[in-house]
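Next come the chains, spelled out residue by residue.
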Amino acid sequence: MLKTLDTLTLVDKKVLIRLDLNVPMQAGKIKNTERIHRALPTIRYALAQGGIVRLMSHLGRPQPGEMNPDLSLAPIATYLSQVLACPVQLCSDPAELAQATARVALLENVRFFHGETTNDLNLAQQYAACGDIFVMDAFGTAHRQHASTLGVMQVSEQVCAGFLFQDEIKALTQALQSPKTPVLAVVGGAKVSTKLTLLTSLATKVDQLIVGGGIANTFLAAQGYAIGTSLYEPSMITEARAIMAKVEVILPRDVVVASACTATATARVSSITDVQADEMILDMGPEYIKWLPSLIQSVGTLLWNGPLGVFEIPQFADGTRVLAKAIAACSGFSIAGGGDTLAAIAQFKCTNDIDYISTGGGAFLAFIEQGTLPCLPMLTA
Ligand code: AMP
């Protein structure tokens with residue numbers, strides 16, 4: 001059972017909340033505020049309960065010890081003060097945060113500080129001194145063993161999970177530990193090697209596995225098909241065969257091919273037995289795409305990570321578009337996560353119809369792979 005915020009008394013307590021406010025930025029402007037909005041329920045609850053709110057997050061990957069102005073949380077402090085309708089004091093280091101007087105204060109990018117990414121306990125202690133209660137709500141960073149995600153918990157007197165973290169764990173637990181069957185996983189994207197642990201773990205948990213993108217190409221090659229110049233990994237053929245021995249892997253019988261992966265390339269529909277030596281597979285074929293929704297319609301639980309084709313280019317986007325729409329329309333419990341997956345969901349406007357969209361790319365995958373996260377034992381009663 002997770003230790004949760006709603007079981008604690010917060011009146012006049014300093015509530016130190018680790019959030020994942022790692023939003024995309026361009027020229028000092030926030031490009032997408034989704035992560036900030038997903039963090040608001042915990043902040044608002046702490047304020048409504050009379051807490052004094054202290055916030056921290058990372059942004060990008062600055063060099064430790066270097067205050068890179070491009071990665072300052074200043075624009076985020078400004079945005080937060082607007083949506084919370086109260087001043088948000090930006091503090092340049094933990095000592096300043098400990099002394100802050102405002103009701104809501106935000107620490108500068110934690111990755112500016114030496115010792116953050118190496119989980120330095122001295123830094124963790126400085127963070128912990130800023131709060132009476134530590135709240136972990138940075139699910140997107142929860143797979144990391146950093147001073148602001150793990151160390152601070154080890155030295156804080158009282159720790160608990162925030163609402164976003166709770167929702168993420170609940171959705172993933174529902175999908176993995178007590179799923180409605182049949183369970184289908186869809187894993188697309190470029191390379192088997194970057195998702196091998198995920199694929200191997202899912203092979204023992206799901207009834208069927210759809211592979212897409214460059215990953216499907218490696219599986220097709222493992223089945224002996226000629227795949228021309230397609231992106232694939234010869235070194236992963238043995239692993240692909242081992243996965244196919246464990247679970248039913250669904251592969252296309254028709255595909256979309258082209259001579260190059262460019263926006264001006266001419267697409268051709270091909271049987272999987274007819275891919276030419278100078279062609280590459282860039283999407284699933286129309287027969288497969290027509291059949292896909294009927295399979296998805298009958299699943300009890302569906303987990304999705306990674307596109308089925310090069311969805312950024314219109315002539316190779318149909319597979320991923322139809323997949324996203326079918327998942328949005330299915331009555332089973334659907335959960336999606338991972339950077340490109342979220343981009344695809346946004347592109348095809350399915351955000352509101354997928355049961356749970358995880359904010360954590362790496363953490364989403366790590367939880368599926370390992371069934372836990374480094375900070376989870378400390379958040380469990
Ligand atoms: P990943 O980060 O592993 O999820 O990979 C996502 C990327 O894989 C996207 O940018 C897609 O364009 C790319 N991708 C999907 N299908 C293919 C394919 N058949 N060939 C090459 N790249 C692909």
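Notes on the structure follow. (Residues numbered from 1 in each chain as written. Predicted model: local features only at pLDDT ≥ 70, side-chain atom pairs only at ≥ 80, totals over all residues. Heavy atoms only, no water.)

Description of the side chain of His146
- Mapped onto the fold, His146 is located in the loop between strand 7 (133–136) and helix 5 (147–155).
- On the basis of relative accessible area, His146 is assigned to the buried category, the value being 8%.
- When neighbours within four sequence positions are excluded, His146 is seen to be in contact with Arg111, Glu116, Thr117, Asn119 and Gly151. (Helix = DSSP H or I, 4+ residues; strand = E, 2+ residues; numbered from the N terminus. Buried < 20%, exposed > 50% of the residue type's maximum accessible area, 1.4 Å probe, protein only. Contact = heavy atoms within 4.5 Å.)

Some points on the site of the ligand
- Close to the ligand lie 14 residues, the nearest being Ala190, Lys195, Gly213, Ile281 and Glu312.
- Contact distances for the ligand include 3.0 Å between a nitrogen atom and a backbone N or O atom of Ile281.
- Contacts to the ligand include Glu312, whose side-chain N or O atom sits 2.6 Å from an oxygen atom.
- Considered on its own, the ligand offers 510 Å² of accessible surface; in the complex 79% of this is hidden by protein.
- Listed by contribution, the elements that provide at least two residues to the shell around the ligand are helix 8 (213–222) and strand 14 (280–284).
- Of all the elements, helix 8 adds the most residues to the shell around the ligand, at 3 residues. (Near = heavy atom within 4 Å. Polar contact = N/O pair within 3.5 Å; in protein donor to acceptor, adjacent residues only side chain to side chain. Areas by Shrake-Rupley, 256 points an atom, 1.4 Å probe, with all protein chains shown as cover.)

Description of the pattern of salt bridges
- Applying the stated criterion across every chain, the model contains 5 salt bridges.
- Among the salt bridges present, the one from Arg35 reaches Asp20, with a minimum N-O distance of 3.7 Å. Of this pair, Arg35 sits in helix 1 (residues 34–48) while Asp20 sits in the loop between strand 1 (14–18) and strand 2 (25–26), and the two are 15 residues apart along the sequence.
- Across the salt bridge formed by Glu34 and Arg38, the nearest N and O atoms sit 3.3 Å from each other. With Glu34 and Arg38 both in helix 1 and 4 residues apart, this pair spans about one turn of that helix.
- In the salt-bridge network here, residues are joined through shared partners; they are Arg268, Asp274 and Glu279. (Salt bridge = Lys/Arg side-chain N within 4 Å of Asp/Glu carboxyl O.)

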